[in-house]
Amino acid sequence: MRYPTRPIEGQRPGTSGLRKKTRVFMAPGYLENFVQATFDAIGGVAGKVLVLGGDGRYFSREAAETILKMAAANGAARVILGQGAWLSTPAASHLIRISGADGGIILSASHNPGGPDEDFGVKYNSANGGPAPEAVTEAIFAATQRLTEYRKADVPDIDLDLLGEQHVAGMTVEIVNPVAAYADLMETLFDFGALRRLFATGFRARIDSMNAITGPYAVEIFERRLGAAKGTVVHAKPLPDFGGMHPDPNPTWAHILMAEMLGPNAPDFGAASDGDGDRNMVLGRGIYVSPSDSLAVLAENLQLAPAYANGPKGVARSMPTSTAVDRVAKALGIACFETPTGWKFFGNLLDASKVTLCGEESFGTGSDHVREKDGLWAVLMWLTILAKTGKSVAEVMADHWARFGRTYYSRHDYEALPIAMAEAMMADLRAKLADLPGHAAAGLRISAADEFSYTDPVDGTVSGGQGLRLFFDGDARAVLRLSGTGTEGATLRLYLERYVSGPQGLAEDTQSMLAPVSAAVEALVGVCRLSGRKGPDVVT
Ligand code: VG1
Ligand code: CO
């Protein structure tokens, strides 16, 4: 069936797909328009094979039924669907790669909360398993603006929970176990024998799946295949509204895990995941590991896992991520690439075998095993380090800082600011950038200032306007950018860092160390002064 439609405003994919309030997605034609535009932008799906699944949030099942009918009406040959419309983002990436699919659609708003009054999202991934690059997301947006009809088969819903093959208007739907292939992949990358021995010694871990998609994956991998104690994985059942949890693995939202790990009788190791399973937060007994440090530690120790025995070929980090990994890359004599925010920018580097390991300050790390960041992969890599070195998390960090120095790092988020106000703050700072070097702000001298622009080293694509950077004397830096994943107002992200080479000053309080840098930014930009806020909403 062909259904006439009209372009809907605002369907431009952000940092990671299109994210809107769930009710916006549920409005008649909204999801249909975006999916048809996606199909049109990739040259149609006739005869193609697609993977489909998501984090199980509210409206996922209805969305999956709609997309199956649309894929059928657009002539797709086959859709491989995770049972119950479940697939973590890294598992979807893996499934696209091993099945030789032409692409996939992931239903998730990642770390945003779920439910009828919260967020929903749709993202297209390409045949390499990675998020569509900017050229494709822009083509999708362009297609949303000229849409006149969408196609959808007029057939009954199928049973999303029944493993095996079914048919939707002539198209085959193959429903697969969402966990099995991913768990098998992990077994090929890591020494599961060594990890089993670690747990057999009584090593205690707490894995908080935040009532989101990693639950079934974590139970299978840690409790079943690695022999961790029952109950190691908590909040293990994916719920449509995440049981009211905000599935963002950071100290603010994963506060239950934080309290346990920093409290008395804490387990040896703790980790949390986000809604769609691509993020991770890592903790040890009494210690929180900042994501930028985690990336540096993984780069330093990657060779401890069998699949990476030669260490990383190269590494990449998003620009706002701290420079901790740069120092490891230098010591290893390998390249370190600096990309804009968003995993889509790592795809070309991974496909061209220029890098093995990538990471972002926003709790994302991953390797060339898939084309997405991968939360449980990072957890297994950390456990590998602990198993093979016999060190605790605190000892790993202390040794890392002793060798490389420490980059104190924090991100301050000001959420739901009026859009015009946030854009004006950015515009005012942008206009001042050229004059800033040589001047001081709140006593800190600015050594350089610019707006980050990236030229992809593989295909030469230029992505401008990727964040305002302020470099200060004393190895300090601040970055400002507006979020591309929020669904309410504008979120201003302020990224702060300061490097201390040691041996003195390696065990200071992060926020105190960064206070002079944030004071300098406040003097220059006036985020609090202009917004009337007392401070950031979320500090990570
Ligand atoms: C945020 C993070 C970014 C991440 C993106 C998607 O984007 O800063 O690093 O890639 O979310 O993550 P923004 O534009 O809001 O800063 V998600 O977990 O899809 O797991
Ligand atoms: Co995510």
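Above this text you will find the structure in question.
We now turn to the structure provided with this report. Not measured: the values here are computed from a predicted model.

### Section: the side chain of R57
Locating R57 in the fold gives a position in the loop between strand 3 (49-54) and helix 3 (60-73). A polar side-chain atom of R57 sits 2.9 Å from a polar atom in the side chain of D55. Aside from chain neighbours lying at most four places away, what touches R57 is S108, A109, S110, N112, P113, G114, D119, F120, P240 and F242.

### Thoughts on the nonpolar core
Core analysis: the largest hydrophobic core is formed by 104 residues, its most contacted members being M186, F190, F222, F269, W377, W382 and L470. For this core, the leading source of residues is helix 13 (residues 375-389), giving 10 residues. Within the second largest apolar cluster, 40 residues are counted, among which are A37, L81, I140 and I175.

### Some remarks on empty space enclosed by the protein
Applying the stated criterion across every chain yields a total of 7 cavities of 30 Å³ or more. By volume, the largest cavity is sized at about 310 Å³. Lining the largest cavity are 29 residues, and of these T15, S16, R279, K373 and T485 lie nearest its centre. In this structure, the second largest cavity encloses a volume near 100 Å³. Forming the walls of the second largest cavity are 15 residues, and the residues nearest its centre are G17, K123, Y124, A132 and T137. Within the residue set of the lining of the second largest cavity, elements represented by two or more residues are strand 6 (119-125) and helix 5 (134-144). Take the lining of the second largest cavity: its biggest share by element is 3 residues, from strand 6. Here the residues of the lining of the second largest cavity sort into 8 nonpolar, 5 polar and 2 charged.

### So, the environment of V282
Tracing the chain through its elements places V282 in strand 13 (residues 280-284). Separated by 103 residues in sequence, V282 and I385 have C-alpha atoms that sit 13 Å apart.

### Some details on the pairing of strand 15 (residues 314-318)
Taken across its 5 residues, strand 15 has 5 buried, putting it largely inside the fold. Residues G314, A316 and S318 of strand 15 are buried on one face, and the alternating residues V315 and R317, pointing to the opposite face, are buried as well. Examined bridge by bridge, strand 15 and strand 16 (residues 335-339) share 5 bridges and lie parallel to one another. In the strand pairing of strand 16, R317 is matched with E338. A crossover links strand 15 with its parallel partner strand 16, the connecting element being helix 11 (residues 324-332), and its sense is right-handed.

### Notes on the coordination of the cobalt ion (ligand 2)
Binding of the cobalt ion (ligand 2) to the protein goes through S110 (OG), D274 (OD), D276 (OD) and D278 (OD), at separations of 2.0 to 2.1 Å. For the cobalt ion (ligand 2), the 6 donor atoms in the first shell make angles of 18 to 173 degrees at the metal, so the coordination geometry reads as irregular. Within one chain, the residues donating to the cobalt ion (ligand 2) are spaced in sequence as S-x163-D-x1-D-x1-D. With S110 in the loop between strand 5 (103-107) and strand 6 and D278 in the loop between strand 12 (269-273) and strand 13, this pair connects stretches of sequence that are 168 residues apart. On the accessibility criterion, D278 (3% relative accessible area) is buried.

### Looking at unusual backbone geometry
Peptide bonds are mostly trans, and most non-glycine residues show a negative phi. Omega for the peptide link from G502 to P503 comes to 0 degrees, which places this bond in the cis form. Positionally, P503 belongs in the loop between strand 26 (490-500) and helix 16 (510-525). For F59, which is not a glycine, the phi torsion comes out positive at approximately 85 degrees. Relative to the elements of secondary structure, F59 occurs in the loop between strand 3 and helix 3. When its relative accessible area of 12% is taken as the criterion, F59 is described as buried. Phi angles above zero are rare outside glycine, and A416 is one such case at about 50 degrees. Relative to the assigned elements, A416 resides in strand 19 (residues 406-417).

### Quick notes on the packing of helix 11 against helix 14 (residues 393-404)
Where helix 11 contacts helix 14, the two axes come as close as 11 Å, and the packing angle between them is 70 degrees. With respect to their mutual orientation, helix 11 and helix 14 come out roughly perpendicular. Between helix 11 and helix 14 lies a crossing of left-handed hand. Along the contact surface, helix 11 presents R327, V328 and A331, while helix 14 presents H400, R403 and F404. Classifying every residue of the contact of helix 11 with helix 14 gives 3 nonpolar, 1 polar and 2 charged.

The rules behind these values
Residues numbered from 1 in each chain as written. Chains lettered and ligands numbered in written order. Predicted model: local features only at pLDDT ≥ 70, side-chain atom pairs only at ≥ 80, totals over all residues. Heavy atoms only, no water. Helix = DSSP H or I, 4+ residues; strand = E, 2+ residues; numbered from the N terminus. Polar contact = N/O pair within 3.5 Å; in protein donor to acceptor, adjacent residues only side chain to side chain. Contact = heavy atoms within 4.5 Å. Core = buried A, V, L, I, M, F, W, Y, C linked by side-chain atoms within 4.5 Å. Buried < 20%, exposed > 50% of the residue type's maximum accessible area, 1.4 Å probe, protein only. 1 Å grid on protein atoms, 1.4 Å probe; cavity = no way out; pocket = protein on both sides within 12 Å on 5 of 7 lines; lining within 4 Å. Points joined across faces, edges and corners; volume = space filled by probe spheres on them. Nonpolar A, V, L, I, M, F, W, Y, C, P; charged D, E, K, R; others polar. Pairing = 2+ DSSP bridges. Right-handed = clockwise from strand over helix to strand, strands pointing away. Donors = N, O, S within 2.8 Å, 3.2 Å for Na, K, Ca; no water. Tetrahedral: all angles 85-135°; square planar, octahedral: opposite > 155°, others 65-115°. Axes fitted to C-alpha atoms, helices over the stretch in contact; angles between N-to-C directions. Parallel < 35°, antiparallel > 145°, perpendicular 65-115°, else oblique. Left-handed = near helix turned anticlockwise from the far one by under 90°.

Geometric values such as these leave the question of function open.
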